[in-house]
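The chain contents come next:
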Amino acid sequence: GVTVSMRLGYRAAVCVSEEEKNEEGDTEGDGGTNLDYREREGKYPGDARVSLLYAGSEERKSDDEDDEDDNMNSKQSKSRPPVALVHNLSKEYVLHSLKTSPLVQRYKLDNNNKNATTKNVRLISLAHNPETQIAAYLISNATTQTTPEKNKGKDAALLSPEAREYMKKSLTSAFVGYEQAVRKGFIDGYGVCSNGLSLPEGHDMAMSWRDVLECAVDAFVEVKGGDIRPQEKQENHDQQYQRSSLKVIRLPGNVLETRGLDVSKEICSFFGSCHEDDDNANEPSSPPSEEGLHSITDDPDDYHAKQRRKLRKSRNILPKSIQVHVTRPLTAYPFGGTGIESNSSPGLSDNSGLSAPPLYLKKNNSDVDDNVTNKDGGGSSIDATHPIRILDYRIESGPLGREPTMAWTNHHYASHGLRPSSYQPILNAVLSHFDAESILEASRTRELTVEERETLDGCKLLRDMIHDLDASLDDMRSFAAHEEYLMNVAVPLIYGSFEGLDEESAGMLQLFFRAHGMAVRMVVARWTRELLLGGWKRRVGVDEKGRADTGDREKDGGAAVDDAVTKDKDQEKKIAKIWKAYGFGDYRGGYDIPEDFTLQDFALRQILEEEAVRGVVVGCSSPEHALEAMRAADASGVDNGNKKK
């Protein structure tokens, strides 16, 4: 069958004051002429503002000019209220969203249609980023002049446990709504999609998978009215509801952010199964973990010990297994994308600080290799808004003088080196075009006109910009950051330097940026590969037919070079510092990546081959990306009869 998932948690909501609501005479939020109260902020309990999407405005509009009786200068103001991004996990919001979802309505329609061909489709709804409620609590209860008296003087360390309990209460409420929705036939099951599950335990925004299970137990008990007898002792009626409908836990994980993979293994160990499809599957392939057994060394009042005992007693309520799905397998964020310190929470209303690099990533720090520098400039920064993309790119490749063909950056590197073959000739031609030699020659014999001086200054500015882009090429770490720099700095600079460019000059600049963009892709992909390789070195030799040979396999009968794979201990130490600087956790050694594997192919195979991972969620912006992901899934292998990706 096919599983379709949907995420709930965030929505755009109109910001409406109590005075405005009273003026419209709509206290229930179901009407109003100018404002959409049905999606207003504060309609559901637990609304937490994440950011302001639209600040609002006040427009002034002229009255009908065709009406001669009206004053031509009269104005009528028309205000547009602000719109906020709001997060909510209340059962009221969950049930409202599911009831009004076109996807749910179609799902119910097909299930009620005996002739429908889509009955093998399962619909799963996921509570999205519950950890946002932690940040909401911390921000609303921070020590300010408006802080409630009971919270004044409390620091973050004291507020953090309260914030987690607040999050668990919100998540339990969502799960109650989901359990009710399963009973009503809206969905087949539910789950969680959370970035916090992959964060270190000491992080303010970290979530525990055991909290997810505990919330599922509490929600089940609330919906069942306390009837939690073991399933085998219950009557035959209502059997399909005798276990929690929790189906999926979805969390980030990749070959750099490996904590998510560790969490997946912990969940797998708890259930004793990693790949059961549903509660009707066979018995677990291995016994569940024995955690939660009484121990004389346990503190009876310890929160974690009590939680483990509770989950152990609730195994008859919990599902027999949980599917663990990994998200963003090809995108690695420093410190999980939450900030630069292990205990720094992202602000809900101001996320501008997330992109600030740690001090030890600055260029002037001699303890970190140049490859980890995070400078201001076009494409050299890796931060919360410019993560590491674990990708090779398609670029134009081939020797000079021949028609170029499209090739992956790793294949181009093996055949032609780090730069695109056309880059240097194009760079030289563009610099020559903008040397303004004719104007300089004229300046030696006469005074230049105003237009000539402006052209000369513009050419110098362009040459300086091109030289700077070329000089910083080897520092590129993010292609997205490079594109952002071009749009925000380079392009405005060009338009500000010339009133207009002739067709030839515009064509030369376009040619340069095209070649430079391919060169940036080469550098970024190579740096990412070296970050993953760690100390592994693949010595490129030449086989008996005069071709490059990486030593990982024989090619067309050519003998592989001996000792082609080695480890550089000094490089290992440098890479370990980079991993720590970016918050990727303890360095575990590099990956031995064959040169004929693209980075995305290798990264996807590594995740798919993890026994604890049941599925991988890959963002695909083109059909080609989807085909690549499917090929990686096929290549990962199926090592038992029921492991599917």
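Residues numbered from 1 in each chain as written. Predicted model: local features only at pLDDT ≥ 70, side-chain atom pairs only at ≥ 80, totals over all residues. Heavy atoms only, no water.

## Notes on the overall build of the protein
Here is step 1: Broken down by element type, the protein carries 17 helices and 19 strands.
Here is step 2: Every one of the 645 residues in the protein was classed for burial, and the buried ones make up 45%.
Here is step 3: Within the protein, contacts between residues at least 6 apart in sequence are counted, and of these 73% link residues at least 24 apart.
Here is step 4: Entry remark: accessible area of the protein is about 33,400 Å², with carbon and sulfur atoms responsible for 48%. (Helix = DSSP H or I, 4+ residues; strand = E, 2+ residues; numbered from the N terminus. Buried < 20%, exposed > 50% of the residue type's maximum accessible area, 1.4 Å probe, protein only. Contact = heavy atoms within 4.5 Å. Areas by Shrake-Rupley, 256 points an atom, 1.4 Å probe, with all protein chains shown as cover.)

## Some words on the nonpolar core
Here is step 1: Ranked by size, the top nonpolar core spans 53 residues in total, and within it L98, L171, F175, Y178, I187 and V212 carry the most contacts.
Here is step 2: Among the elements that make up this core, the one with the highest residue count is helix α5 (residues 156-183) (10 residues).
Here is step 3: With residues near it in sequence (within four places) discarded, L171 still touches L89, A127, P130, V192, M207, V212 and C215.
Here is step 4: Formed by 29 residues, the second largest nonpolar core is a distinct cluster that contains Y393, F479, A515 and V520. (Core = buried A, V, L, I, M, F, W, Y, C linked by side-chain atoms within 4.5 Å.)

## What about the sheet that holds strand β9 (residues 246-252)?
Here is step 1: Pairing within the open sheet is parallel, and its six strands lie in the order β1-β7-β8-β9-β10-β19. Both outer strands of the open sheet, β1 (2-8) and β19 (615-616), are each paired with one neighbouring strand and no more.
Here is step 2: Where β1 and strand β7 (residues 121-128) come together, seven bridges link them in parallel fashion. Within β7, the residue paired with L8 across the bridge is A127.
Here is step 3: Across the sheet, helix α6 (residues 209-224) is in contact with β8 (189-193) and β9; its angle to β9 comes to roughly 155 degrees. (Pairing = 2+ DSSP bridges. Axes fitted to C-alpha atoms, helices over the stretch in contact; angles between N-to-C directions.)

## Comments concerning the environment of H411
Here is step 1: Looking at where H411 falls in the secondary structure, it is placed in helix α9 (residues 409-416).
Here is step 2: Assessed through its relative accessible area of 34%, H411 is described here as partly exposed.
Here is step 3: Placed 14 residues apart in sequence, H411 and S397 show a C-alpha to C-alpha distance of 9.1 Å.
Here is step 4: Once residues lying within four places of it in the same chain are set aside, the contact partners of H411 are E595 and D596.

## Brief notes about helix α12 (residues 450-471)
Here is step 1: Compared with the 32 Å implied by 1.5 Å per residue over 22 residues, the 32 Å span of α12 between its first and last C-alpha is a close match.
Here is step 2: Of the residues making up α12, those classed as buried are E452, G458, C459, L462, M465, I466 and L469. With its buried residues spanning 150 degrees around the axis, α12 presents them on a single face. Of the exposed residues in α12, the ones pointing more than 90 degrees away from its buried face are V450, D457, K460, D468 and A471. (Expected span 1.5 Å × (residues − 1). Arc of directions from axis to C-beta.)

## A short note on the packing of helix α10 (residues 423-433) against helix α14 (residues 503-533)
Here is step 1: With their axes 9 Å apart at the nearest point, α10 and α14 run at an angle of 150 degrees to one another. One finds that α10 runs roughly antiparallel with respect to α14. In this structure, α10 crosses over α14, and the sense of that crossing is left-handed. Contact with α10, carried on its side by Y423, I426, L427, A429, V430 and H433, involves E504, S505, M508, L511, F512, A515, H516 and A519 of α14 and no other residues of that element.
Here is step 2: Broken down by class, the residue content of the contact of α10 with α14 amounts to 10 nonpolar, three polar and one charged. (Parallel < 35°, antiparallel > 145°, perpendicular 65-115°, else oblique. Left-handed = near helix turned anticlockwise from the far one by under 90°. Nonpolar A, V, L, I, M, F, W, Y, C, P; charged D, E, K, R; others polar.)

## Section: the pairing of strand β10 (residues 323-327)
Here is step 1: Here β10 lies mainly inside the structure; five of its five residues are buried.
Here is step 2: With burial as the criterion, each face of β10 is covered, one bearing Q323, H325 and T327 and the other bearing V324 and V326.
Here is step 3: One ladder, built from two bridges, connects β10 with β19; its direction is parallel. Bridge pairing in β19 places H325 opposite G615.

## Some thoughts on unusual backbone geometry
Here is step 1: Despite not being glycine, F335 shows a phi value in the positive range, around 55 degrees.
Here is step 2: If you trace the backbone, F335 turns up in the loop between β11 (331-332) and β12 (388-389).
Here is step 3: Of note in the backbone geometry, A436 takes a positive phi value of approximately 55 degrees without being a glycine.

## Considerations on the sheet that holds strand β3 (residues 48-54)
Here is step 1: Pairing is antiparallel across the open sheet formed by three strands, whose spatial order is β2-β6-β3. Pairing within the sheet leaves two strands with one partner each, and these edge strands are β2 (10-14) and β3. Here the strands of the sheet are splayed against their neighbours by 30 degrees on average, with no regard to which way each runs.
Here is step 2: Helix α4 (residues 132-140) contacts β2, β3 and β6 (83-87) of the sheet and is inclined by roughly 95 degrees relative to β3.

## So, the pattern of salt bridges
Here is step 1: Under the counting rule described, the total for this entry stands at 18 salt bridges.
Here is step 2: Salt-bridge contacts for E441 lead to R444; the nearest nitrogen and oxygen are separated by 2.7 Å.
Here is step 3: E441 sits in the partly exposed class, given a relative accessible area of 44%.
Here is step 4: Several salt bridges share partner residues, and in doing so they unite E165, K168, E214, D218 and K310 into one network. (Salt bridge = Lys/Arg side-chain N within 4 Å of Asp/Glu carboxyl O.)

## So, the environment of M406
Here is step 1: Its place among the elements puts M406 in strand β14 (residues 405-408).
Here is step 2: Distance in space between the C-alpha atoms of M406 and Y393 is 9.8 Å, their sequence separation being 13 residues.
Here is step 3: Sequence-distant contacts of M406, that is, excluding residues within four places in its chain, are made with R394, I395 and E396.

## Quick word on the packing of aromatic side chains
Here is step 1: Tallying each qualifying case throughout the model produces 13 aromatic pairs.
Here is step 2: Ring plane angle 80 degrees and centroid distance 5.2 Å describe the contact between W579 and Y587, whose orientation is recorded as edge-to-face.
Here is step 3: Accessibility expressed as a relative area gives 1% for W579, which makes it buried.
Here is step 4: Residues Y582 and F584 carry aromatic rings whose centres are separated by 6.0 Å and whose planes lie at 55 degrees to one another, so their mutual orientation is tilted. (Phe/Tyr/Trp six-rings, centres within 6.5 Å; stacked < 30°, edge-to-face > 60°.)

## Description of α6
Here is step 1: Compared with an ideal rise of 1.5 Å per residue, which puts 16 residues at 22 Å, α6 spans 23 Å between its outermost C-alpha atoms and is within 8% of the ideal.
Here is step 2: The element α6 is largely enclosed, with a buried count of 12 among its 16 residues.
Here is step 3: Residues W209, R210, D211, V212, L213, E214, C215, A216, V217, A219, F220 and K224 constitute the buried set of α6.
Here is step 4: Where α6 starts, the residue carrying a side-chain oxygen 3.1 Å from the main-chain nitrogen of R210 turns out to be S208. (Polar contact = N/O pair within 3.5 Å; in protein donor to acceptor, adjacent residues only side chain to side chain.)

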